[in-house]
Amino acid sequence: MNIVVCVKQVPDTATERKLRSDDNTLDRDAADGVVNELDEYAVEEALKLKEAHGGEVTVLTMGPGKATDTIRKALAMGADKAVHLSDDALHGSDALSTSYAMAQVLKKIGFDLVILGSESTDARTGVLAAMLAERLGASQLTLANKVEVDKGAIAIQRLTDYGYDRVEAPLPAVISVVEKINEPRYPSFKGIMAAKKKPVETLAIGDASIDAAQVGLAAAWSEVVDFAAAPPRAAGTIVKDEGDGGEKAADFLASKKFI
Amino acid sequence: MSEILVLVEHAEGEVKKVTLELLTLARSLGTPAAVWAGPGITPEAKARLAEYGAEKIYVAGADDIVDYVVAPKAELLAQLVAGTSPAAVLVAATAEGKEIAGRLAIKTDSGVITDAVGLSEGFVADQSIFGGGVNVHSRVRKGTPIVAVRPNSTAPVAAAGAGTEEEVSVTLSDAAKTARVVERVKQEKGARPELTEAAIVVSGGRGVGSAENFSIIEGLADALGAAVGASRAATDAGWYPHQFQVGQTGKTVSPQLYIAAGISGAIQHRAGMQTAKTIVAINKDPEAPIFELADYGVVGDLHQVVPQLTEEVSKRK
């Protein structure tokens, strides 16, 4: 089975994240880049499926040069090879153009199964998997809490507000996973060393038949008009519990008409 | 004024509150038209949609609209967009709502904005990003604005619309019928509201201490008619089911009132709740970062404070 895991480099949530004042896009230099946490679950699930059913796991990322670090981590976990879509023309791409560019690469490299984390910790749109399924005409099995593959068919538990849906589909499919699905492995020293020798193919947009007019800031279907730091919340009232903390909190709720 | 399509969120024939919020929002920007996807519309549901301003109610009642994951609803909306040229399409910013919006955006070659917490003239959306640290105005530049709006962003206000019903038939493509829902498993029973659309959320964290102790959190939630949430520390420890996790990798909530008990307020948690209108924190540690956000904070042991609060709430109701 040919599995492609999409990973994204995002700014570390433990550091200050910013937008750039010149073009309102993410400031990638302001914070350390890390693998989007939810994508680690996607990598783990891909590796598990490979272990159970055989095949190959390819890591796909789109991002500037330094996103290579993200690829190395996935390779160190055990992925076989990587494709890095990197081109200045992609800067400022929104979800629509990102899904278009990644779909073009996926068409070029081929896949039975594409796996993503359910959202990124920076943009948090949660739309990329659905968009890829739409663009590729593949089955959409998103928000998976459990994945089973059997002879060209796939079944998942799709998390819902009321519990879950059991969903079945033929391959090829695009799936996204939630963090409850597994426990991502830590790369071993051996894995880290082996990752250095694994093939990483870097593609520019022309290599994947990506139309420059469909990507980048100028082509984006939506735009950030302006932004500002959120005003600090006005300091609240903090009381120490002297045996009446619950009563005092109730007074506060009553003053706000919640009770 | 142009029509604004509002995709109705419904369960067991009932319209969810978020839809009333979206109709209220749509009314300020155009003429709301509700879109009911799937079987099971009731006279009560129609009356409710009209009560909150739906001039038209498009009803696509075929079973197959809900038999597959997301794609049929996107095809239904795409067909309505082509046929009615609406000024915008609004959906709830739930996980499924956002996926529908994403597929619709591609089908209609339109921009999409997710997680809007406000919408003003020209469909300029307010968003709160990076865990609530930055406020953004954004807008769609191409096609029909498609906006996923967070529940609890707008107070629903009734204002009668005509509620004229129009049946819609959709012929689904084969591509929309690949991922079939073969079973729906309801795990959570009981009267508590859904986490993402509850007006009040009471969440417990590491300080709760055990799965059994979550009954303290549930007790307060039930007294307030609230949903229960949990921090990642609590769900990772297995004290509360994962689908109730609030935070960066869990659910985003934006309630009128958020009560955090035994939650330190790490940035990962704040990312999921920082747009709550009023925040109350209860924590033993006076240095807990959650107090920086709190409108009201009690430094104390939640095992004493929460039961007392629950009792007071019940007494004063």
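Note that the structure is predicted; figures quoted are calculated from it, not measured. (Residues numbered from 1 in each chain as written. Chains lettered and ligands numbered in written order. Predicted model: local features only at pLDDT ≥ 70, side-chain atom pairs only at ≥ 80, totals over all residues. Heavy atoms only, no water.)

Q: Could you give an account of the domain arrangement of chain B, with specific residues and numbers?
A: Residue and element names in this part refer to chain B. Taken domain by domain, chain B consists of domain 1 (3-176) and domain 2 (200-315). Between domain 1 and domain 2, the contact holds seven residues from the first and nine residues from the second. Across the interface of domain 1 and domain 2, roughly 610 Å² is buried in total on both sides, 50% from carbon and sulfur atoms. The largest share of the area that domain 1 buries against domain 2 comes from Gly 131, Arg 150 and Asn 152, three residues that together contribute 70% of it. Counting across the interface, domain 1 meets domain 2 through zero salt bridges. (Domains from an automatic or database assignment. Contact = heavy atoms within 4.5 Å. Buried area = accessible area lost by both parts, 1.4 Å probe. Salt bridge = Lys/Arg side-chain N within 4 Å of Asp/Glu carboxyl O.)

Q: Residue-level account of the interface of chain B and chain A, with values.
A: Across the boundary between the two partners, chain B contributes 85 residues, which contact 79 residues of chain A. Taken over both partners, the interface formed by chain B and chain A buries close to 7200 Å², and the fraction arising from carbon and sulfur atoms is 54%. When the area that chain B buries against chain A is broken down by residue, the three leading residues are Phe 130, Gln 248 and Tyr 296 of chain B, summing to 11%. In this assembly, chain B and chain A are joined by 11 salt bridges. Between Arg 232 of chain B and Glu 37 of chain A there is a salt bridge, with its nearest N and O atoms 2.4 Å apart. Ranked by the residues each element gives to the side of chain B that touches chain A, the list is headed by helix α4 (residues 95-107) of chain B, at nine residues. For the side of chain B that touches chain A, the per-class residue count stands at 34 nonpolar, 29 polar and 22 charged. Pairing of strand β9 (residues 163-170) of chain A with strand β13 (residues 180-186) of chain B involves six bridges; the strand directions are antiparallel. Each bridged residue has a counterpart across the sheet, and for Gly 163 of chain A the counterpart in β13 of chain B is Lys 186 of chain B. (Helix = DSSP H or I, 4+ residues; strand = E, 2+ residues; numbered from the N terminus. Nonpolar A, V, L, I, M, F, W, Y, C, P; charged D, E, K, R; others polar. Pairing = 2+ DSSP bridges.)

Q: Mind laying out the UniProt feature "domain: Electron transfer flavoprotein alpha/beta-subunit N-terminal" (unreviewed entry) in chain B, listing which residues take part and the relevant values?
A: The UniProt record annotates "domain: Electron transfer flavoprotein alpha/beta-subunit N-terminal" (unreviewed entry) at residues 4-185 of chain B. As annotated, residues 4-185 of chain B comprises 26% helix and 33% strand, and the C-alpha atoms at either end are separated by 33 Å. (UniProt positions renumbered as here; feature names shortened; annotations may be inferred.)

Q: Any details on unusual backbone geometry? Residues and values, ideally.
A: Of the consecutive residues Leu 171 of chain A and Pro 172 of chain A, the connecting peptide bond is found in the cis state with omega at 0 degrees. Positionally, Pro 172 of chain A belongs in the loop between β9 and β10 (173-177). The backbone of Val 70 of chain B sits at a positive phi, close to 60 degrees, despite the residue not being glycine. Position of Val 70 of chain B relative to the elements: it lies in the loop between β5 (56-60) and α3 (71-84). At Phe 123 of chain B, a position not held by glycine, the phi torsion is positive, near 55 degrees. Following the sequence through the fold, Phe 123 of chain B ends up in the loop between β8 (118-120) and β9 (124-129).

Q: How would you sum up the packing of aromatic side chains? Please name residues and give values.
A: Summed over the entire model, instances satisfying the criterion amount to three aromatic pairs over all chains. Note on Phe 214 of chain B and Tyr 240 of chain B: the rings are 4.5 Å apart at their centroids and 20 degrees apart in plane angle, and the pair reads as stacked. Of this pair, Phe 214 of chain B sits in helix α5 (residues 214-224) while Tyr 240 of chain B sits in the loop between α6 (232-236) and β16 (257-261), and the two are 26 residues apart along the sequence. Exposure class is identical for Phe 214 of chain B and Tyr 240 of chain B. Each is buried. Grouped by ring-pair contacts, the aromatic residues Phe 214, Tyr 240 and Phe 244 of chain B constitute a single cluster. Taking the ring centre of Trp 221 of chain A as reference, the NZ or CZ of Lys 142 of chain B above it sits at 4.0 Å. Above the face of the Tyr 162 of chain A ring, Lys 186 of chain B is positioned so that its terminal group lies 5.9 Å from the ring centre. (Phe/Tyr/Trp six-rings, centres within 6.5 Å; stacked < 30°, edge-to-face > 60°. Buried < 20%, exposed > 50% of the residue type's maximum accessible area, 1.4 Å probe, protein only. Lys NZ or Arg CZ within 6 Å of the ring centre and 35° of its normal.)

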